[in-house]
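Working through the structure, step by step
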Amino acid sequence: MPRGGYTGGGQESRESLVILRRGARTEKASRKGNRVTAARAIRTIFATVVLMLSVPIAAHASTFHELAQLLSKGLYDEAIEKCTQWLEAYPEANGRLRYLRGRAYHGIGWFGSAEEDLAPLGDFAPWPNWPPASEMVAKIAEMRRLAPEHVKEIKSGNRVLFRVYYDEDNAWTRALIAMLPDAWRKVGNFYKVDLDETAVFIFGDAARYNAFFRTWSGRFAKHWQWAGGESGVLIFCQRDPSGATLAKAGSDYFRGTALHEYSHLVCRRVLGHAPIPPWLSEGMASVCGALAAPQDIIQNDRDVLRIAAEGQWLPLEAMTDRDRFYANETSNLAYTQSFAMTRYLISQVGEAKVIQLLNLLASEANPDAAFKKALGMEQAQFYELWLHAPS
Ligand SMILES: [Zn+2]
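Residues numbered from 1 in each chain as written. Predicted model: local features only at pLDDT ≥ 70, side-chain atom pairs only at ≥ 80, totals over all residues.

Moving on, we get to the overall build of the protein chain. Across its full length, the protein chain carries 18 helices and seven strands. Sorting the 391 residues of the protein chain into buried and exposed places 41% on the buried side. Residue pairs at least 24 apart in sequence account for 64% of intrachain contacts in the protein chain once pairs closer than 6 positions are excluded. (Helix = DSSP H or I, 4+ residues; strand = E, 2+ residues; numbered from the N terminus. Buried ≥ 20, exposed ≤ 12 C-beta atoms within 10 Å, placed from the backbone. Contact = placed C-beta atoms within 7 Å.)

A few words on helix 17 (residues 367–375). If you check which residues of helix 17 are buried, you get Ala-370, Phe-371, Ala-374 and Leu-375. The buried residues of helix 17 all sit within an arc of 100° when viewed along its axis, so they share a single face. Considering only its buried residues, helix 17 is in contact with helix 15 (331–349), helix 16 (351–363) and helix 18 (379–387). Phi for Gly-376, located one or two positions after helix 17, is positive at around 75°. (Arc of directions from axis to C-beta.)

What follows covers helix 15. Taking 1.5 Å of rise per residue, 19 residues should cover 27 Å, and helix 15 covers 26 Å from first to last C-alpha, within 8% of that figure. Buried residues belonging to helix 15 abut helix 11 (278–290), helix 12 (295–310), helix 13 (316–320), helix 14 (322–325), helix 16 and helix 18. One or two steps after helix 15, the chain reaches Gly-350, where phi turns positive at roughly 90°. (Expected span 1.5 Å × (residues − 1).)

Within a sheet, adjacent strands bond to each other through the backbone by hydrogen bonds, running parallel or antiparallel. Taken in spatial order, the five strands make up an open sheet running 3-4-5-7-6, and their pairing is mixed. Edge strands, defined here as strands with exactly one partner in the open sheet, are strand 3 (150–156) and strand 6 (227–229). The mean inter-strand angle of the sheet, taken between neighbouring strand axes irrespective of direction, is 15°. Across three bridges, the pairing between strand 6 and strand 7 (residues 233–237) is antiparallel. Counterpart to Gly-229 in the pairing with strand 7 is Leu-234. Against the sheet, helix 9 (residues 206–217) contacts strand 5 (198–203) and strand 7, and its axis sits at roughly 155° relative to strand 7. Against the sheet, helix 10 (residues 252–271) contacts strand 5, strand 6 and strand 7, and its axis sits at roughly 25° relative to strand 6. (Pairing = 2+ DSSP bridges. Axes fitted to C-alpha atoms, helices over the stretch in contact; angles between N-to-C directions.)

Okay, structure coming up:
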């Protein structure tokens, strides 16, 4: 049932395009080997039974606690589903549930639905240290002011896979938009996840891109980055602050990056805020990027031979620590090495095990526990195996 959407301010055509569907479960990580999904399904059934049996007042406190936990873990799809169920059962708890669902919608980039839940709540906040609804509504209004003005939907049948906001109808933008169905199909197939209505923002110039990025994420981009993907949003900018276009439209780098960033988005959607070692996150993104840019595999093989001959591999500690991984002096090597390690991992255990590992990262206490459970060994053992494997 289409509802919601940005309201006010925009042009007519934009209004009608920015409708976001509500109440639909967007993440369908439902295929074989997806333990988290099975666990979630059991929890959902359990929650429904509890919902039917329990006394409303007693249930409220634990429900709000559970929903607040889901939000703090970044498990937005699950939070939206639960809030929607509870809203039907306990309309008297409308304010808090709408607030929580609005925040969860914001987390997956469904800003229109977020606004629809939050705007009627005025300055309401469910707990003293949470921001008032009006503050988030103002943020969405600011994002709308900064967002590119044109909108295009990328559909498969009746499903909207991407809603693209773009500044310029030029060859660069068109080439990027043309990559999205490929990204959805290939990356979705890799992770066994399919998502609806991912918001994509394609900016022409760096200044507005930076302002939008800051409003949306609450932080400054660390250094110039023309492409990014997080739990619900893909964001690109054609020109750097000097006005130069860094990624040539249609190049391997350009094509690979579209899938690379979508991989990060899908991965975050499964993990929420759960930690993932940077080498695995970047390695899987590079594997996905290579699905659109097969040359990357040949280049990685060449790099591996050269680095192995020079004996320059980074230690595991540099591959698991974000600061060391992304430091200027090591990041090139770290990316190359992640790609090689992840390709080796997949070649040894298969894609299904790697996806199982990803799901376990979301549910286990720490990465090593997830490695142990999925692969029967900790990261350090895997690192040694990879390091001593004949290349
Ligand atoms: Zn990346």
